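Residue strings, one per chain:
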Amino acid sequence: MFLLGFCHYIRQEHKPLVFIDHRHRIMALERPGSAQKQPSKLRWGELDEDDGEDLDFLLPPRQVIGPDNNGIKKVIEYKFNDDGHKVKITTTTRVRKLAKARFSKRAIERRAWAKFGDAVHEDVGSRLTMVSTEEILLERPRAPGSKGEEKAAGDALGQLGKGGAVLMVCRTCGKKGDHWTSRCPYKDLAPPTESFVDKPPGSDTVVASGGTKGAYVPPSMRAGAERPAGSDMRRRNEENSVRVTNLSEDTREPDLLELFRTFGPVSRVYVAIDQKTGVSRGFGFVNFVSKEDAERAIMKLNGYGYDNLILRVEWATPRAN
Amino acid sequence: MGKTNLLLNDGQLLLLLLRRSKSSSFLQLNFRQSKAKMRPILMKGHERPLTFLKYNRDGDLLFSCAKDHTPTVWFADNGERLGTYAGHNGAVWCCDVSRDSTRLITGSADQSAKLWDVQSGTQLFTFSFDSPARAVDFAVGDKLAVITTDPFMGLTSAIHVKRIAADPDDQVGDSVLVLKGPQGRINRAVWGPLNKTIISAGEDAVVRIWDTETGKLLQENDKEVGHKKTVTSLAKSTDGSHFLTGSLDKSAKLWDSRSLTLIKTYFTERPVNAVAMSPLLNHVVLGGGQDASAVTTTDHRAGKFEAKFYDKILQEEIGGVKGHFGPINALAFNPDGKSFSSGGEDGYVRLHHFDPDYFKIPSI
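The model shown is predicted, which means the values in this text are computed figures rather than measured ones.

1. Section: the environment of A:Glu292
Residues and elements named next belong to chain A.
(1) Moving on: Tracing the backbone through its elements, the reader meets Glu-292 in helix 5 (residues 291-301).
(2) Moving on: Judged by relative accessible area, Glu-292 falls into the exposed class, the value being 52%.
(3) Moving on: In sequence terms Glu-292 and Phe-263 are 29 residues apart; their C-alpha atoms lie 9.0 Å from each other.

2. Quick look at helix 4 (residues 253-260) of chain A
Residue and element names in this part refer to chain A.
(1) Moving on: Every buried residue belonging to helix 4 is among Leu-256, Leu-259 and Phe-260, and all of these are buried. Buried residues of helix 4 fall within an arc of 85° about the axis and therefore sit on the same side. More than 90 degrees from the buried face of helix 4, the exposed residues found are Pro-254 and Glu-258.
(2) Moving on: The inward-facing, buried residues of helix 4 abut strand 8 (241-245), strand 9 (266-273), strand 10 (280-288), helix 5, strand 11 (305-306) and strand 13 (312-315).

3. Things to note about the pattern of salt bridges
(1) Moving on: Applying the stated criterion to the full structure yields 19 salt bridges over all chains.
(2) Moving on: Salt-bridge contacts for A:Glu314 lead to A:Arg243; the nearest nitrogen and oxygen are separated by 3.1 Å. One end of the pair, A:Glu314, is in strand 13; the other, A:Arg243, is in strand 8, with 71 residues separating them in the sequence.
(3) Moving on: Note that B:Glu269 and B:Arg270 form a salt bridge whose closest N and O atoms lie 3.0 Å from each other.
(4) Moving on: With a relative accessible area of 38%, B:Glu269 lands in the partly exposed category.
(5) Moving on: What makes B:Arg270 buried here is its relative accessible area of 3%.
(6) Moving on: Taken together, the salt bridges that share partners define one network made up of B:Glu269, B:Arg270, B:Glu306, B:Lys308 and B:Glu317.

4. Considerations on the nonpolar core
Residue and element names in this part refer to chain B.
(1) Moving on: With 29 residues, the main nonpolar core has Phe-63 and Phe-127 as its most contacted residues.
(2) Moving on: Of all the elements in the fold, those that place two or more residues in this core are strand 4 (61-66), strand 5 (72-75), strand 7 (92-97), strand 8 (103-108), strand 9 (112-117), strand 10 (123-128), strand 11 (133-138) and strand 12 (144-149).
(3) Moving on: Take this core: its biggest share by element is four residues, from strand 7.
(4) Moving on: With near-sequence residues (within four places) excluded, Phe-127 lies in contact with Ile-105, Gln-111, Ser-112, Ala-113, Leu-115, Ile-147, Lys-162, Ile-164, Gln-171, Val-172 and Gly-173.

5. Some details on the state of the cysteines
Residue and element names in this part refer to chain B.
(1) Moving on: Inspection of every chain in the model, using the stated rule, returns zero disulfides over all chains.
(2) Moving on: The structure places no disulfide on Cys-94, whose sulfur is separated from the nearest cysteine sulfur, that of Cys-95, by 6.2 Å.
(3) Moving on: A relative accessible area of 2% places Cys-94 in the buried class.
(4) Moving on: With no disulfide of its own, Cys-95 has Cys-65 as its nearest cysteine by sulfur position, at a separation of 3.5 Å.

6. A closer look at the sheet that holds strand 26 (residues 317-321) of chain B
Pairing between the strands of a sheet is mediated by backbone hydrogen bonds and can be parallel or antiparallel.
Residues and elements named next belong to chain B.
(1) Moving on: Strand order in this open sheet of four strands is 23-24-25-26, and the pairing throughout is antiparallel. Strands at the two margins of the open sheet, each flanked by one partner only, are strand 23 (272-277) and strand 26. Direction aside, the axes of adjacent strands within the sheet are offset by 25° on average.

7. Overview of the sheet that holds strand 4 (residues 72-80) of chain A
All names here are of chain A.
(1) Moving on: Ordered by their spatial adjacency, three strands build an open sheet running 3-4-5, and the pairing between neighbours is antiparallel. The open sheet has two free edges, formed respectively by strand 3 (63-65) and strand 5 (86-94), since each of these has just one partner strand. The mean angle between the axes of side-by-side strands here comes to 15°, regardless of whether they run parallel or antiparallel.

8. Looking at helix 5 of chain A
All names here are of chain A.
(1) Moving on: All of the buried residues along helix 5 are Asp-293, Ala-294, Ala-297, Ile-298 and Leu-301. Buried residues of helix 5, seen end-on, are gathered within an arc of 135° and therefore sit on one face of the element. In helix 5, the exposed positions angled more than 90 degrees off the buried face are occupied by Glu-292, Met-299 and Lys-300.
(2) Moving on: Among the structural elements, strand 8, helix 4, strand 10 and strand 13 are those in contact with the buried residues of helix 5.
(3) Moving on: Looking one or two places after helix 5, you find Gly-303, whose phi comes out positive at around 90°.

9. Considerations on the confidence of the model for chain A
The predicted coordinates of low-pLDDT regions are not to be read in fine detail.
Residues and elements named next belong to chain A.
(1) Moving on: Per-chain confidence: chain A averages 66 in pLDDT, with 48% of residues scoring 70 or above.
(2) Moving on: Predicted confidence for residues 1-39 stays below pLDDT 50, and this span has 91 contacts to residues more than four positions away or in other chains.
(3) Moving on: Taken as a whole, residues 192-212 scores under 50 in pLDDT and shows 28 contacts with residues more than four places along the chain or in a different chain.

10. Digging into the side chain of B:Ser131
Residue and element names in this part refer to chain B.
(1) Moving on: Residue placement: Ser-131 occurs in the loop between strand 10 and strand 11.
(2) Moving on: The class for Ser-131 is buried, based on a relative accessible area of 3%.
(3) Moving on: A polar atom in the side chain of Ser-131 sits 2.9 Å from the backbone oxygen of Asp-150.
(4) Moving on: Setting aside chain neighbours within four positions, we find Ser-131 in contact with Gln-111, Thr-149, Asp-150, Phe-152 and Leu-155.

11. Here we look at unusual backbone geometry
All names here are of chain B.
(1) Moving on: Positive phi is not limited to glycine here, since Asp-142 has a value of about 60°.
(2) Moving on: Its identity as a non-glycine residue notwithstanding, Met-153 has a phi of 50°, on the positive side.
(3) Moving on: Examined against the element boundaries, Met-153 turns out to sit in the loop between strand 12 and strand 13 (158-163).
(4) Moving on: For Met-153, a relative accessible area of 75% translates into the label exposed.

12. Description of the side chain of B:His88
All names here are of chain B.
(1) Moving on: Inspection of the secondary structure assignment puts His-88 in the loop between strand 6 (81-84) and strand 7.
(2) Moving on: One polar contact links His-88 to Thr-106, side chain to side chain, over a distance of 2.7 Å.
(3) Moving on: Among the polar contacts listed, one links the side chain of His-88 to the side chain of Asp-110, at a separation of 3.1 Å.
(4) Moving on: Each residue touching His-88, except ones within four places of it in the same chain, is listed here: His-69, Thr-106, Ser-108, Asp-110, Ser-112, Lys-114 and Trp-116.

Rules of the game
Residues numbered from 1 in each chain as written. Chains lettered and ligands numbered in written order. Predicted model: local features only at pLDDT ≥ 70, side-chain atom pairs only at ≥ 80, totals over all residues. Heavy atoms only, no water. Helix = DSSP H or I, 4+ residues; strand = E, 2+ residues; numbered from the N terminus. Buried < 20%, exposed > 50% of the residue type's maximum accessible area, 1.4 Å probe, protein only. Arc of directions from axis to C-beta. Contact = heavy atoms within 4.5 Å. Salt bridge = Lys/Arg side-chain N within 4 Å of Asp/Glu carboxyl O. Core = buried A, V, L, I, M, F, W, Y, C linked by side-chain atoms within 4.5 Å. Disulfide = S-S within 2.5 Å. Pairing = 2+ DSSP bridges. Axes fitted to C-alpha atoms, helices over the stretch in contact; angles between N-to-C directions. pLDDT = per-residue confidence, 0-100. Polar contact = N/O pair within 3.5 Å; in protein donor to acceptor, adjacent residues only side chain to side chain.

Written out as structure tokens, the structure is:
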């Protein structure tokens, strides 16, 4: 007994390019007078070609049984093998209908068209056509029919905002009175809240100029280059630096100074401003002269309500890298 | 049902809407259950951005044009490449295939339009112009073809009508009719009902209807309701009664082919480069994305490179299909409505066969 693989190519509508391998072919070798089974590797393509001798008329005719209700089809054939023994080959195949594909007669003819152009000399490995490894969902933004309700709810909130009871400020893009954070159209663009950028934009002017040999260093950062006077101010490498996040966009550096100077002498205040829009990005840094003052400020002001927002105040620890 | 809906007046449509909103909870339930999943087939036969996609009438062949010089034909069921049409010497902008799938016409930036034998890939005829050819379209009956040419070196844009001979040996290059007038490029020109008119749209954002007998301009769309920026794409419905235009003004509009009245407008948040209409369901698909030149400087999530599905009648977005790494330049629906393909600036054609759940999407 040995198994013989056979491939059926069945066109299927929703998963094209799928070769369904029905390995249900069982082949039985029946050799009169010999119980010994000979495991030989036959290729199915060779089966028809082996009849060198004209003894085929001695063999019983080919029989086809089925396919039955379960789709099992049996084909019984007889032939002589290399040793001259008569062999009965029973091929059992399961026939399964996978999909109905309606093709016009013309389309079936076109299937058999010879390839032309670049497609003739196509490498097997070129893999021009591939099935996507990821499943693509037809993503729906909302359940159909719910648009009206959503709009109504939005209006209600909008009304509140206009009444002055709630100030609508988007924490993602900093827009005021336009939408809520959860509905921000630029939500995708916002950095994830946890991995908040430590450095304000433009602060990373300090580049480790040593060590990275061969890397390009802008002329302004090369050793000995003149630095603009302001660049020192924007550096955030001093100690006792405190990061303040969730600031309202109205908050400017003087406001922050006002708030933090009560804890002790402040050496630097910085509020991150979006360079394009000129609007505060909602976070800033305060540097204290003494560490104790900074500690106290964090203790007192973390969670402090400031301009309708709850401040988050913490040590501006440099990122671990 | 959809076609009749289009003809309803506003009051009746409102009634339908109301009826629908009552049963919205049911619809939502239904929506959660069904999630249309697809495993698209990716075809990477082109080395440059795709420009146009076209299925033949039987829906078994898919023709793709790209800025590389060789249009390609694929089997539309499994994405296998059947052949390429070599001979153009510039970007190929547009193509059309005859109803019996024997002839292919392509318009290219090499200032020519070519007729091809679909089966063998041999060139049958070359129409030469003095400026790049942009849009091509066979008329009903395949005896005529319209070819538009771009403004170039002082020449204005033009729409040429050519006679297509049954026997390629009898083919001549003379134009039956040349239409001139619109400023700027004409991005698409298609035949109207019964070949009596030609509908054109392009850079000047105006949709025009021309008489094919006299060559006169019959209609221009109402400026009030029309597009504000370049019309990039135009797709006819299966029966030709209405057509959809996509524009860089981030909207797509549905027009009546005869009266040129605006039926619907679909707003989106990206410039629309390609449009397609489902022949089976009341769905329109819009593809686009930010300008290719801005892609590298912005976040990929902001590019909005999905193909967006809209309900044709409610003008409501019903879904998006992601996948491309660049803006979508071409969209085409299989004539059986069960699959669609999109071609992107990324050089890929993505062939999507819909999941059975897609057909369960509630529609009015």
